[in-house]
Amino acid sequence: QAKAEGRNTYQIYNETMDAESRRRATVLASLRKAMDRGEFRLVYQPRMALADGRITGAEALLRWHSSELGEISPQVFIPLAEESGLILQIGEWVLGEALATLKRWRSHGLTETSVAVNVSVLQLLRSNLPDVLRNLIQDLGVPANRIELEVTESMVMQNAEQTTHVLNELRKLGITLAIDDFGTGYSSLVYLKRLPIDTLKIDKEFIGDLTRDPDDEAITATVITMGHSLGLNVIAEGVESEQQLSYLREQGCDEIQGFWLSPPLDAHRCLAFIRTWQPGAVAAIPAPY
Ligand code: C2E
Ligand code: MG
Ligand code: MG
Ligand code: MG
């Protein structure tokens, strides 16, 4: 845009930009071309029920390999995609791709498996998400109740008034809704009660130091108890050790996700993982006392 305002403006703008904003501008320029170049792909991270060790589903996570810049982390490009509005187009691609995978897995017999998809709050506010999903569900013939959408706590709570209507529409389709990175935002308990949510995902920030940091243990235990009193399914993300898993089981957490179980995998590897998984082995892991 600065360029359009004339050469002078462009140069001043360019000189005053620090290294960080130049880097962002470079990444954004590549990001604008990424979709047409087919540089995105999805990986899937399984999650497991603690009660019986069953794999309940997998979370779709976006990956971008830029032909110009190499592999760029979602933590870098998702915020840029959100600020630029590109997330609307990218997000629609993600939904189509994830639901196509769900359909393929079902054709291989995984009819109990859910797919969770991260959606940006901009998609809730700006796009006709309920229409998009209704069409995808019809065209692909996948059941809505095997689709979960994840929205981060900070984003949804800051926009609770505006997003409630859309969330209700999505819920009417039969889709389930999860609050992601729970504990890092600032939830109003009123909204937590009022929003049509099914699932809380405890942020990995609190999980990493479980069994080492009593504060994180207290927070985690409290979130599980509170979630359950609100009738919600509680998932811990970022579970990396058996000690963490044991603690979470002891506290009655419903599901876990993390490197302990599996890193995110290509769709076909994730399918193979789920099909060969033996729930019994996990049920045998003892509580920490
Ligand atoms: P998230 O939704 O909270 O996803 C969990 C992140 O934790 C993922 O990072 C995952 O790879 C990572 N992770 C999984 N297990 C472990 C573990 O045991 N230990 C640790 N330390 N990390 C673990 P990733 O893939 O880099 O994604 C980062 C964030 O980018 C996601 O956080 C999500 O907010 C966003 N994101 C990813 N894909 C999409 C997408 O398709 N759309 C949107 N809007 N956001 C996305
Ligand atoms: Mg997520
Ligand atoms: Mg998260
Ligand atoms: Mg997170």
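Residues take numbers from 1 onward in each chain, read along the sequence in its written order. Labels are handed out in written order, letters beginning with A for the chains and numbers beginning with 1 for the ligands. This being a predicted model, a pLDDT of at least 70 is required before a residue's local features are given, and a value of 80 or more before pairs of side-chain atoms are given or counted; all residues contribute to the totals for chains, interfaces and linings. In computing side-chain values, all of the structure's heavy atoms are included and hydrogens and water are not.

## Considering the overall build of the protein chain
For the protein chain, the helix and strand inventory stands at 14 helices and nine strands. The C-alpha atoms of the protein chain give a radius of gyration of 20 Å, which matches the 19 Å a tight globule of 289 residues would have. Each residue is assigned to one of three classes by its accessible area relative to the maximum for its type, calculated with a 1.4 Å probe on protein chains only: buried under 20%, partly exposed between the two thresholds, exposed over 50%. Looking at the 289 residues of the protein chain, the share that counts as buried comes to 47%. By definition, residues are in contact when any of their heavy atoms lie within 4.5 Å. Taking the intrachain contacts of the protein chain between residues at least 6 apart in sequence as the baseline, contacts between residues at least 24 apart amount to 69%. Under the DSSP-based scheme used, a helix requires at least four consecutive residues in state H or I and a strand at least two consecutive residues in state E, with every element numbered from the N terminus. Restricting the calculation to C-alpha atoms gives the radius of gyration, and the globule rule supplies 2.2 Å times the number of residues raised to the power 0.38.

## A look at unusual backbone geometry
Positive phi is not limited to glycine here, since Asp181 has a value of about 50°. Along the polypeptide, Asp181 turns up in strand 6 (residues 176-182). Judged by relative accessible area, which is 23%, Asp181 ranks as partly exposed. Although it is not a glycine, Thr211 sits at a positive phi angle of roughly 70°. What makes Thr211 partly exposed here is its relative accessible area of 39%.

## Focus: the coordination of the magnesium ion (ligand 3)
Ligating atoms shown are N, O and S within 2.8 Å of the metal, or 3.2 Å for Na, K and Ca, and water is not included, meaning a site may look less than complete. Ligation of the magnesium ion (ligand 3) by protein atoms is provided by Asp180 (OD), Asp181 (OD), Glu237 (OE) and Glu237 (OE), these donors lying 2.0 to 2.5 Å from the ion. Between consecutive donors of the magnesium ion (ligand 3), the numbers of intervening residues give the motif D-D-x55-E. Metal-to-metal, the separation of the magnesium ion (ligand 3) and the magnesium ion (ligand 2) is 4.2 Å; Asp180 coordinates the two. With Asp180 in strand 6 and Glu237 in the loop between strand 8 (233-236) and helix 12 (242-250), this pair connects stretches of sequence that are 57 residues apart. You can call Asp180 buried: its relative accessible area is 5%. Given a relative accessible area of 8%, Glu237 falls into the buried group.

## Some points on the site of ligand 1
We call a residue near a given molecule or strand whenever any one of its heavy atoms falls within 4 Å of it. In the neighbourhood of ligand 1, 23 residues make up the surrounding shell, with Gln45, Arg63, Asp180, Glu240 and Phe259 lying closest. We define a polar contact as two N or O atoms separated by no more than 3.5 Å, with the added condition that, inside protein, one atom must be a possible hydrogen donor and the other a possible acceptor, whereas residues neighbouring each other in sequence contribute only through side-chain atom pairs. In this structure, an oxygen atom belonging to ligand 1 sits 2.9 Å away from a side-chain N or O atom of Asn118. For ligand 1, a nitrogen atom lies 2.5 Å from a polar atom in the side chain of Glu240. We get accessible surface area from the Shrake-Rupley algorithm with a probe of 1.4 Å; when it comes to residues, only the shown protein chains can shield them. Considering ligand 1 on its own, with 800 Å² of exposed area, one finds that the protein chains cover 86% of that surface. Those elements giving two or more residues to the shell around ligand 1 turn out to be strand 2 (55-66), helix 3 (74-84) and strand 6. Among the elements that line the shell around ligand 1, the one with the most residues is strand 2, at four residues. Looking at the shell around ligand 1 residue by residue, the class counts come to nine nonpolar, six polar and eight charged. Three classes are used: nonpolar for Ala, Val, Leu, Ile, Met, Phe, Trp, Tyr, Cys and Pro, charged for Asp, Glu, Lys and Arg, and polar for all others, with Gly counted as polar.

## Re the nonpolar core
Residues enter a nonpolar core if they are buried and are Ala, Val, Leu, Ile, Met, Phe, Trp, Tyr or Cys, with the set joined through side-chain atoms within 4.5 Å. Ranked by size, the top nonpolar core spans 85 residues in total, and within it Leu31, Trp105, Leu149, Leu170 and Leu248 carry the most contacts. Residue contacts for Leu149: discarding those within four places in its chain leaves Leu95, Val117, Val119, Leu129, Leu133, Leu170, Ile175, Thr176, Leu177 and Ala178.

## Structural notes on the pairing of strand 6
Of all seven residues in strand 6, five are buried; the element is thus mostly enclosed. Bridge analysis of strand 6 against strand 7 (residues 199-202) gives three bridges, and the strand direction is parallel. Each residue of the ladder has a partner; that of Ala178, found in strand 7, is Thr199. With respect to chirality, the unit in which strand 6 leads through helix 9 (residues 189-194) into the neighbouring parallel strand 7 is right-handed. One requirement defines pairing of two strands: DSSP has to find at least two bridges between them. Look down the strands so they point away from you; if the path from the first strand over the helix to the second goes clockwise, the crossover is right-handed.

## Quick look at the pattern of salt bridges
Salt bridges are defined as contacts in which a side-chain nitrogen from Lys or Arg sits within 4 Å of a carboxyl oxygen from Asp or Glu. Under the defined criterion, the tally for this structure stands at 17 salt bridges. Salt-bridge contacts for Arg47 lead to Glu148; the nearest nitrogen and oxygen are separated by 3.0 Å. Note that Arg47 is positioned in strand 1 (residues 40-49) and Glu148 in strand 5 (residues 147-152), a separation of 101 residues in sequence. With respect to class, Arg47 is no different from Glu148; both count as buried. Linked by salt bridges that have partners in common, Lys33, Arg37, Glu39 and Glu68 make up one network.

Just distances and angles here, no functional claims.
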